[in-house]
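# Coordinate inspection notes
So the chains spell out like this:
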Amino acid sequence: RQVVREFPSTAIVPAIVCLVLSGLGLFAVLYAAKEAEDRIREDAARVGSNMAGGFEDQLRAAYEPVKFLGLLAEVKPYWPDYAKIFHSMAARVLTSVPAGALTALQMSPFGRVAAVYPENAVNNKALGVDLFQLGTAARTYQTVREGTFTMTGPVNLTQGGFAIIVHSPVYVSNVSRGELFGLDRQTTNCSELCYNETTRTLYWGMSAALIDFKALVSGSDARMADLKRQGLLYKLVRPGGSGGYTSSNTSSVSAADIVLSASHRQPGHNAIKIPVGVDVPGFDNWTLYVEPESGWGVSWKGGLCAMVVIIA
């Protein structure tokens, strides 16, 4: 003490050195922690982007068979002939679809379901149903009017399940207004909308499918499994008002955002946002949120900071 009183620098200098060493040590720890946290964020973004791309590919693979069956009807519109090959063609196209993703393929000439695949107790209930007589007739007329491939949902099905409903309208050119394609009657209440006098094009009907959304996001081949395996929390969100129908038997659109799939605990406000979508209206603006289950920080930062101060 006497020495310190007479020569204050003997205490000040070590204190300054201690502070400098502590500062440098803390800076090194914090810098290393920041680098590690940035890598965690980059890795999460990479995994999330890979998953989003994989999901988009799987969704396309699930709806492409509907387009193919529709194109086949355009070149082979006579229904008795088409009906003979439908089951074999449907079985063939299903081999390229993610396991369990497609629960039903349907052909509806003039809007009435005339063939389904696979045939089972649930799918067979649709046979004979007139799409223009259902509660969703407004959506069906809209599809005919716009003449474009459409997907709606995911929606809660009346028979149970959560699915995307896919419709591909089929038109045949250079035919008369009264062409029946081997059937007994045309589309219900659609004489003006379903025929173009100028191009002599008649609405033939639709190819359609049900895509099991749960199988797509949670099945054995689902890309969401990659997020779980790598310890990431996630949620897949569809914005409100973008065609998210509340159920399969209504034309009401949900105004609120719809969480389509999520981990056991949803990510927080600091989650990374990754765009998800395919080139189909209503399916081109989804968002995937991802965040590590353990958070963005590194567990060793606090302990090392304390150690540096103690040692210094």
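Use the structure listed above.
Report on the accompanying structure. The structure displayed is predicted, hence computed values, not measured ones. (Residues numbered from 1 in each chain as written. Predicted model: local features only at pLDDT ≥ 70, side-chain atom pairs only at ≥ 80, totals over all residues. Heavy atoms only, no water.)

### Here we look at the sheet that holds strand E7 (residues 232–238)
To summarise the sheet geometry, strands pair through backbone hydrogen bonds and adopt either a parallel or an antiparallel arrangement. The strand order across the open sheet built from four strands is E8-E7-E10-E9, with neighbouring strands paired in antiparallel fashion. The sheet is open, and its two borders are formed by strand E8 (258–262) and strand E9 (272–276), each paired with just one other strand. Taking each pair of neighbouring strands and ignoring which way they run, the sheet shows an average axis angle of 25 degrees. (Pairing = 2+ DSSP bridges. Helix = DSSP H or I, 4+ residues; strand = E, 2+ residues; numbered from the N terminus. Axes fitted to C-alpha atoms, helices over the stretch in contact; angles between N-to-C directions.)

### Brief notes about the pattern of salt bridges
Enumeration according to the criterion identifies two salt bridges in this entry. Residue Arg 60 pairs with Asp 57 through a salt bridge whose shortest N-O separation is 3.2 Å. Within this pair, Arg 60 and its partner Asp 57 are both found in helix H2 (residues 9–75), separated by three residues, close to a single helical turn. What makes Asp 57 partly exposed here is its relative accessible area of 48%. Here Arg 177 ties to Glu 197 by a salt bridge, and the two come within 2.6 Å at their closest N and O atoms. In this pair, Arg 177 is assigned in the loop between strand E4 (162–172) and strand E5 (195–196) and Glu 197 in the loop between E5 and strand E6 (201–212), connecting sequence segments 20 residues apart. (Salt bridge = Lys/Arg side-chain N within 4 Å of Asp/Glu carboxyl O. Buried < 20%, exposed > 50% of the residue type's maximum accessible area, 1.4 Å probe, protein only.)

### Looking at the pairing of E7
In terms of burial, E7 is largely enclosed, as seven of its seven residues are buried. With burial as the criterion, each face of E7 is covered, one bearing Leu 232, Tyr 234, Leu 236 and Arg 238 and the other bearing Leu 233, Lys 235 and Val 237. Direction of pairing for E7 relative to strand E10 (residues 286–292): antiparallel, over a ladder of six bridges. Within the sheet, the bridge partner assigned to Tyr 234 lies in E10 and is Val 290. Where E7 meets E8, four bridges bridge the pair, whose relative direction is antiparallel. Looking at the pairing, Leu 236 lines up with Ser 261 of E8.

### Topic: helix H3 (residues 79–93)
For H3, with 15 residues, the first-to-last C-alpha span of 20 Å sits near the 21 Å given by 1.5 Å per residue. Approximately 45 degrees is the largest bend angle found in H3, and it occurs at Phe 86. Among the residues of H3, those classed as buried are Trp 79, Tyr 82, Phe 86, Met 89, Ala 90 and Val 93. (Expected span 1.5 Å × (residues − 1). Bend = angle between axes of the 7 residues up to and from the residue.)

### Notes on the nonpolar core
Phe 55, Leu 59, Met 151 and Leu 288 are the most contacted members of the largest nonpolar core, which totals 57 residues. Per element, the largest residue contribution to this core is 12 residues, and it comes from H2. With 12 residues, the next largest nonpolar core counts Val 116, Ala 126, Tyr 141 and Val 144 among its residues. (Core = buried A, V, L, I, M, F, W, Y, C linked by side-chain atoms within 4.5 Å.)

### Things to note about the packing of aromatic side chains
Evaluation of the coordinates by the stated rule reveals 13 aromatic pairs. Pairing Trp 79 with Trp 204 gives two aromatic rings, centres 6.1 Å apart and planes at 50 degrees, and the pair type is tilted. One end of the pair, Trp 79, is in helix H3; the other, Trp 204, is in strand E6, with 125 residues separating them in the sequence. Trp 204 gets classed as buried once you look at its relative accessible area, which sits at 1%. Here the aromatic rings of Phe 132 and Tyr 141 are separated by 4.8 Å at their centres, their planes lie at 65 degrees, and the arrangement is edge-to-face. We note that Phe 132, like Tyr 141, is buried. Following the ring pairs from residue to residue traces out a cluster consisting of Phe 55, Phe 162, Phe 213 and Trp 286. For the cation-ring pair, Lys 67 lies above Phe 149, with the distance from its terminal atom to the ring centre recorded as 4.7 Å. Across the ring face of Tyr 289, the terminal group of Lys 235 is positioned such that the distance to the ring centre comes to 5.1 Å. (Phe/Tyr/Trp six-rings, centres within 6.5 Å; stacked < 30°, edge-to-face > 60°. Lys NZ or Arg CZ within 6 Å of the ring centre and 35° of its normal.)

### Points about the side chain of Glu 291
Tracing the chain through its elements places Glu 291 in strand E10. Here Glu 291 occupies a buried position and makes no salt bridge, while the nearest side chain of opposite charge, Arg 265, is found at 6.2 Å. Of note is the side chain of Glu 291, whose polar atom sits 2.6 Å from the backbone nitrogen of Gly 268. (Lys, Arg positive; Asp, Glu negative; His and termini not counted. Polar contact = N/O pair within 3.5 Å; in protein donor to acceptor, adjacent residues only side chain to side chain.)

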